[in-house]
Amino acid sequence: MSSSPSAENYARIVKGLHKTLKLTGRPDDSACLTAVSKNQPWEVIRPVLEAGHRRFGENRVQEAMERWGPVKDQYSDLTLCLIGPLQSNKAADAVAFFDIIESVDREKIARAIADEAQKQGRAPHIYVQVNIGEEAQKAGILPAEADAFIATVRGYGLEPRGLMCIPPVEGPCGPYFALLRKIAERNGIGHLSMGMSDDFETALRFGSNEIRVGTAIFGSR
Ligand SMILES: *Cc1c(COP(=O)(O)O)cnc(C)c1O
């Protein structure tokens, strides 16, 4: 089989994922990989799809629909995750198109998703995004407001399946991953989406169930 850089990178990341799980005594199926295909050309995405991968992350509704819309029906087991900020005027499209929406961080968005889910009879898994390092430029609910927000989301009839975060670039990320885990545990939420190209091994050691890797697979954007 001919190989491409992205397929080779993909194989390496999967190997690293399994190796880290093994080293930390976790079952092989306790974490999965979301390959982040945002801003990437199809030529680098296709080899990863052909290697059998089916779970991809996108940060824009429109871009994801253009990229994946034409091939969605060919791959019935495709899982598409929205990992970027969602505007409420895109909620209808997001609910119709995505399997998972990871960036729920405002009441208005949660309510729009709940309304659309009911209207469309479709219920993507939703995750609450936490601004774990309390950074002004980042999306997400503040850690101190997370418990109340999760309760609000539940009040709309949505059950958050997981929490998602992007820790600060500077400094050790372990404490941020540990904090996300603590928030999840005290709220009875079982799934952690954390860890990217540069920190996924650390995230796995802190209990990540889902790493989101872009550049380490597809190259720089
Ligand atoms: C872009 C992005 C990623 C992937 O980041 P890499 O550093 O390219 O692996 C993961 N999560 C979110 C929310 C992103 O926006």
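Note that the structure is a prediction, hence the values are computed from the model and not measured.

> With reference to specific residues and values, describe the pairing of strand S5 (residues 125–130).
Within S5, five of the six residues are buried, which leaves the element mostly enclosed by the surrounding structure. Of the strand pairs in this sheet, strand S4 (residues 100–104) and S5 are connected by three bridges, and their pairing is parallel. Looking across to S5, one finds that Val104 is bridged to Val128. This β-α-β element, S4 to helix H5 (residues 107–120) to S5, shows right-handed connectivity. Across five bridges, S5 lies against strand S6 (residues 160–165) in parallel orientation. The partner of Gln129 across the bridge, within S6, is Met164.

> A description of the site of the ligand should follow, citing residues and the corresponding values.
Taken together, Val36, Lys38, Ile83, Ile166, Met196, Ser197, Arg212, Val213, Gly214, Thr215 and Arg221 are the residues near the ligand. With respect to the ligand, the side chain of Ser197 contributes an N or O atom lying 2.5 Å from an oxygen atom. Arg212 has a polar side-chain atom sitting 2.8 Å from a nitrogen atom of the ligand. Here the ligand loses 90% of its free accessible area of 390 Å² to cover by the protein chains. Broken down by class, the residue content of the shell around the ligand amounts to five nonpolar, three polar and three charged.

> I'd like a rundown of unusual backbone geometry, residues and numbers included.
Even without a glycine there, the phi angle at Asn39 is positive, about 60 degrees. Along the polypeptide, Asn39 turns up in the loop between strand S1 (32–36) and helix H2 (42–50). On the basis of relative accessible area, Asn39 is assigned to the partly exposed category, the value being 45%. Positioned with a positive phi, Glu134 is a non-glycine residue whose angle comes to about 50 degrees. According to the relative accessible area criterion, Glu134 is exposed, its value standing at 54%.

> Help me get a handle on the packing of aromatic side chains, residues and values and all.
A complete count under the given rule lists three aromatic pairs for this structure. Plain terms: the ring middles of Trp42 and Trp68 are 5.3 Å apart, the flat faces sit at 75 degrees to each other, and that makes the pair edge-to-face. Pair noted here: Trp42 is in helix H2 and Trp68 is in helix H3 (residues 61–72), with a separation of 26 residues, a long-range link. The class of Trp68 is buried, set by a relative accessible area of 0%.

> So what's going on with the pattern of salt bridges? Which residues, and what values?
Applying the stated rule across the entire model yields 12 salt bridges. Ionic pairing is found between Arg46 and Glu50, a salt bridge with its closest N-O pair at 4.0 Å. Of this pair, Arg46 and Glu50 both sit in helix H2, four residues apart, roughly one helical turn. We classify Glu50 as exposed; its relative accessible area is 55%. We note a salt bridge from Arg54 to Asp77, for which the minimum N-O separation is 3.2 Å. Linking Arg54 in the loop between H2 and strand S2 (55–58) with Asp77 in the loop between H3 and strand S3 (79–82), this pair joins segments that are 23 residues apart in sequence. Look at Asp77 and you get partly exposed, because its relative accessible area is 48%. Taken together, the shared-partner salt bridges in this structure form one network comprising Glu58, Glu63 and Arg67.

The rules behind the values
- Residues numbered from 1 in each chain as written.
- Predicted model: local features only at pLDDT ≥ 70, side-chain atom pairs only at ≥ 80, totals over all residues.
- Heavy atoms only, no water.
- Buried < 20%, exposed > 50% of the residue type's maximum accessible area, 1.4 Å probe, protein only.
- Helix = DSSP H or I, 4+ residues; strand = E, 2+ residues; numbered from the N terminus.
- Pairing = 2+ DSSP bridges.
- Right-handed = clockwise from strand over helix to strand, strands pointing away.
- Near = heavy atom within 4 Å.
- Polar contact = N/O pair within 3.5 Å; in protein donor to acceptor, adjacent residues only side chain to side chain.
- Areas by Shrake-Rupley, 256 points an atom, 1.4 Å probe, with all protein chains shown as cover.
- Nonpolar A, V, L, I, M, F, W, Y, C, P; charged D, E, K, R; others polar.
- Phe/Tyr/Trp six-rings, centres within 6.5 Å; stacked < 30°, edge-to-face > 60°.
- Salt bridge = Lys/Arg side-chain N within 4 Å of Asp/Glu carboxyl O.

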